[in-house]
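Residue-level structure breakdown
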Amino acid sequence: QVQLVESGGGLVQLGGSLRLSCAASGSILSIYAMGWYRQAPGKQRDLVAGITSDGTTSYVDSVKGRFTISRDNAKNMVYLQMNNLKPEDTAVYYCNAVLRTKVVVTPREYWGQGTQVTVSS
């Protein structure tokens, strides 16, 4: 089975920084796209940042210039460096990966359990 485990969330003040990490484990053959989503209370889950297997990145406009997504293919990990955090960044952040396993060779999507990020003003 595949597991995505996030870490690094917490409470931070306006303008502060956090670094989220996500480790993918299990019988993984290859990982394609990885990304970070977030869901604020009462809102839908939205993509924040994504990164392809060759390192191409994309960001939602509201985080451009503040957040940086990166990945370590050797360790099956993805990171989200979040700087200059704002109260509107408060949400549960979820790691996402599209990958193939030894059991399910067709690429499919997997999710982590989420980590809370709270930005106080």
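This is a predicted model, so every value here is computed, not measured.

What follows covers the state of the cysteines. Taken as a whole and assessed by the stated rule, the structure comprises 1 disulfide. A disulfide bridge connects C22 with C95, and the sulfur atoms are separated by 2.1 Å. Judged by the torsion about the S-S bond (-80°), the C22/C95 disulfide is left-handed. Of the two residues, C22 is situated in strand β3 (residues 18-25) and C95 in strand β9 (residues 91-101); the sequence distance between them amounts to 73 residues. Summarising the burial analysis for this pair, C22 and C95 share the class buried.

Phi at N76 takes a positive value of approximately 55°, unusual for a residue other than glycine. Note that N76 resides in the loop between β7 (67-72) and β8 (77-82). Classification of N76 by relative accessible area gives partly exposed; the value is 23%. Backbone geometry at N84 places phi at a positive 50°, although glycine is not the residue there.

Rules behind the numbers
Residues numbered from 1 in each chain as written. Predicted model: local features only at pLDDT ≥ 70, side-chain atom pairs only at ≥ 80, totals over all residues. Heavy atoms only, no water. Disulfide = S-S within 2.5 Å. Helix = DSSP H or I, 4+ residues; strand = E, 2+ residues; numbered from the N terminus. Buried < 20%, exposed > 50% of the residue type's maximum accessible area, 1.4 Å probe, protein only.

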